[in-house]
Amino acid sequence: MSLKMDIIPVETDVLVIGGGLAGCMAGIKAREHGVRVLIVEKSNTLASGQAGSGIDHVWGHFPPVHEKIGWTVEDLVEDHMQGVAHGFARRDLIRFVAREIHDRMLDLEKFGIQIRYEDSRLPGKFRLVHQFHSVPSSLNIDGYPLKVKLTEAARQRGVEIMNRVMLTDLLSEGGVISGALGVGTRDGKVYRFRAKSVVLSAGGKTGRLGRESTGSVRFNLHLPGSLSADGKAMALRAGLEIMNMEFLGARRYGLANYETAGRPPGNTWQPAAAIVDAVGKIVVPKTTFYDWGDLDKGIQIDAAETRRKWLAKGAITPQGMPSRKDLLEKGPYYVDCTGGSEEEIRYVEWALRNEGKCRQLLRYFREEGIDLRRDKIELGLGSREVGNLAASGLVVDSHMETALKGLFAAGDEVGGIPFGASPAAFTTGWHAGDMAGRRAISRKDFLPVEEEPLNALCLRCAEILSCTEGRHWREAEDSLQNIMDTYCADLKTEALLERGLARLHELRAVPLGAASPHDLSRCLELRSLLDNAEMIIRASLARKESRKKPCGFYRADYPKQNDTEWYAFSTIRLENKEFILSKLPLQ
């Protein structure tokens, strides 16, 4: 091979893979131990990850308010287990997130994020709204500048940040993490990192395993287009167990033609939004601001009865909400804020300014003369996603450590936290960073690093850059999406899945070509996407049942739910190039 790759060696005590919310929190906490910390991000930490364009709500247990009504951490955990996860979650991790998030929000406040508001009558001046639980547990915040503030906080504390480098492979020696390999997305150089401990926080999700809802418009997704589930692919190749991969999310409702976070009528759109049908009939009424009563009197709620009523009303899916079938057969349906008061609509507009991709949505409304006080917004189906409700991710212990010693997972890389989102990122990132810092202190020297993985990566990159007749990554990714939408659709069969697996193997054999470091990184992302797709198909073959909740998993050849055999987490790992599938009991 005439093309020779430049190799850049880098050493640090703690290597953080991914600079999203979890990665930044991990880096900041690890640095408190006085060790060298390096965050490596394939985009730019100022605007990377799922919160790159902001978040407006963070769920959790907030003692200044919730203790006043007698609603405990255990009440939140039970709500989440029953109404969100339907048992498919790790109770210990839900409890950890719920318990720790209040302190992490206080940390964010120190970093410059506003979490208190003078117009609030709640203790702590918090704004709490309904989202995932039977009582309001989502803290509304000014989260638009989160990534800027976290980047500033990390740098002020001496955390080093290396942007525009995509990590591709984990390195280990004798069952202990020793570093990682990566490729520069701008310079095309190969980077070899040696570290005493590693935090894997590369995003954990992707929306790129199915066609975008608007067809040819690339990356019109709820999730950032840069997310390609690289962390799960790296973990698979390192032989680690990954759970719940068969639960590739179905196409969820949202705004038509523009996918955002904060889906109506709840979340970011409350309390002004209702859902109406084509003739204006209300099918889901708008919510209202929660009546907290006189908290100073210490009124205690009946948590069990409150949960029972909430579950009866549909829990996180409000009664009357159009199904995907309704959208196709009885649509169109619309988000209608015209019945909201001026105060309520302004609240929604404030929340939208802070939620992912929604500030751009408001700008579009202004440019097109759209006013929520007057105009309805059409609903539509969005893209399929790895993550979120599925809670797929790495199997970890209570300290976020994987089976590869010294490797800690954070954020959406952690399996078993459905809709973990930003609360899981803040809390698991902080804890993983703490543990990684401690582990780095305990290890005096770097472990030796084998040359074979480095040589293999250099060869792969050189082949792609030298292949003038190779397929462009866009064409190959379109092929992958077609395979997943055709053979691993919402309704699955063994024959279709097996055919999809064969088509995946055919696609893997197709040579790719890249004319720039950027295109090279996209080709490497395709490798991650292919690995994730294969895990999804193989795990779908293994789960021989249908299960409506929590994730809408349907096998036409196994149409019944089978709790005897399949009320369990599935896991998948790679050993000696063979896929090993097994189960873990639910707690």
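Structure's up top.
Anyway, here's the lowdown on the structure attached to this text. Nothing here was measured: the structure is a model prediction, and the numbers come from that model.

1. Thoughts on the sheet that holds strand β5 (residues 138-140)
No. 1: One open sheet accounts for three strands, arranged β3-β5-β4; its pairing is antiparallel. Strands with a single pairing partner mark the edges of an open sheet, and in this sheet they are β3 (57-59) and β4 (128-129).
No. 2: Summarising the sheet, β3 and β5 pair through three bridges and their orientation is antiparallel. If you follow His-57 over to β5, its bridge partner there is Asn-140.

2. A closer look at the packing of helix α14 (residues 494-508) against helix α15 (residues 517-542)
No. 1: Two elements in contact, α14 and α15, have axes whose closest approach is 10 Å; the angle formed by their N-to-C orientations is 160°. Comparing their axes, α15 and α14 come out roughly antiparallel. When you trace α14 past α15, the crossing you get is left-handed. Touching Glu-494, Leu-497, Glu-498, Gly-500, Leu-501, Leu-504, His-505, Leu-507 and Arg-508 of α14 are Leu-530, Asp-531, Ala-533, Glu-534, Ile-537, Arg-538, Ser-540 and Leu-541, all from α15.
No. 2: Its residues assigned to classes, the contact of α14 with α15 shows eight nonpolar, three polar and six charged.

3. Quick word on the pattern of salt bridges
Once the charged atoms of two side chains with opposite charge are near each other, the side chains can pair.
No. 1: As enumerated under the stated definition, the model contains 53 salt bridges in all.
No. 2: Two residues, Asp-490 and Arg-324, come together in a salt bridge whose shortest N-O distance is 2.6 Å. Placement of the pair is Asp-490 in the loop between α13 (473-487) and β18 (491-492) and Arg-324 in helix α8 (residues 324-329), with a sequence separation of 166 residues.
No. 3: Here Asp-490 falls in the partly exposed class, since its relative accessible area comes to 29%.
No. 4: We note a salt bridge from Glu-506 to Arg-499, for which the minimum N-O separation is 3.8 Å.
No. 5: Since its relative accessible area comes to 43%, Glu-506 is described here as partly exposed.
No. 6: Classification of Arg-499 as partly exposed rests on a relative accessible area of 38%.
No. 7: Bridged by salt links that share partners, the residues Lys-42, Arg-208, Arg-218, Asp-230, Glu-477, Asp-478, Arg-522 and Glu-525 form one connected network.

4. Remarks on the packing of α13 against α14
No. 1: Where α13 meets α14, the axes come as close as 9 Å, and the angle between the chain directions of the two elements is 170°. Comparing their axes, α14 and α13 come out roughly antiparallel. For the pair formed by α13 and α14, the contact residues are Ala-476, Ser-479, Leu-480, Ile-483, Thr-486 and Tyr-487 on the first element and Leu-496, Leu-497, Arg-499, Gly-500, Arg-503, Leu-504 and Leu-507 on the second.
No. 2: When the residues that make up the contact of α13 with α14 are grouped by side-chain class, the tally is eight nonpolar, three polar and two charged.

5. Observations regarding the sheet that holds strand β20 (residues 568-575)
No. 1: Here four strands make up an open sheet; going across it, the order is β16-β10-β20-β21 and the pairing antiparallel. Of all strands in the sheet, those bounded by a partner on one side alone are β16 (393-394) and β21 (578-585).
No. 2: Relative to the sheet, α15 contacts β10 (242-243), β20 and β21, its axis offset from that of β21 by approximately 60°.

6. Things to note about the nonpolar core
No. 1: With 144 residues, the main nonpolar core has Met-105, Phe-193, Phe-426 and Leu-480 as its most contacted residues.
No. 2: Ranked by residue count, the leading element in this core is α15, at twelve residues.
No. 3: Every residue in contact with Phe-426, bar those within four places of it in the chain, is listed here: Leu-21, Met-25, Ile-55, Val-58, Ile-101, Arg-104, Met-105, Leu-108 and Leu-146.
No. 4: Ile-275, Val-284, Tyr-333 and Val-335 belong to the second-largest nonpolar core, a separate cluster that totals 21 residues.

7. Concerning a positive patch on the surface
No. 1: Judged by side-chain charge, Arg-353, Arg-359, Arg-363 and Arg-366 come together as a positively charged surface patch.
No. 2: Broken down by element, the residue count for the positive patch peaks at three residues, all from helix α10 (residues 358-368).
No. 3: Among the secondary structure elements, Arg-363 is positioned in helix α10.

8. Let's talk about helix α5 (residues 146-156)
Owing to its 3.6 residues per turn, the α-helix brings residues three or four apart onto one side.
No. 1: Within α5, burial applies to Leu-146, Lys-147, Leu-150, Thr-151, Ala-153 and Ala-154. One side of α5 carries all its buried residues, which in axial view fall inside an arc of 165°.
No. 2: On the buried face of α5, the contacting elements are α1 (21-31), α4 (91-111), β6 (160-163) and α11 (421-442).
No. 3: Following α5 by one or two positions, Gly-158 has its phi on the positive side, about 90°.

What counts, and where the lines are drawn
- Residues numbered from 1 in each chain as written.
- Predicted model: local features only at pLDDT ≥ 70, side-chain atom pairs only at ≥ 80, totals over all residues.
- Heavy atoms only, no water.
- Pairing = 2+ DSSP bridges.
- Helix = DSSP H or I, 4+ residues; strand = E, 2+ residues; numbered from the N terminus.
- Axes fitted to C-alpha atoms, helices over the stretch in contact; angles between N-to-C directions.
- Parallel < 35°, antiparallel > 145°, perpendicular 65-115°, else oblique.
- Left-handed = near helix turned anticlockwise from the far one by under 90°.
- Contact = heavy atoms within 4.5 Å.
- Nonpolar A, V, L, I, M, F, W, Y, C, P; charged D, E, K, R; others polar.
- Salt bridge = Lys/Arg side-chain N within 4 Å of Asp/Glu carboxyl O.
- Buried < 20%, exposed > 50% of the residue type's maximum accessible area, 1.4 Å probe, protein only.
- Core = buried A, V, L, I, M, F, W, Y, C linked by side-chain atoms within 4.5 Å.
- Patch = residues over 30% accessible without salt bridge, like charges linked within 9 Å, V, L, I, M, F, W, Y side chains within 5 Å.
- Areas by Shrake-Rupley, 256 points an atom, 1.4 Å probe, with all protein chains shown as cover.
- Lys, Arg positive; Asp, Glu negative; His and termini not counted.
- Charge placed at Lys NZ, Arg CZ, Asp CG, Glu CD.
- Arc of directions from axis to C-beta.

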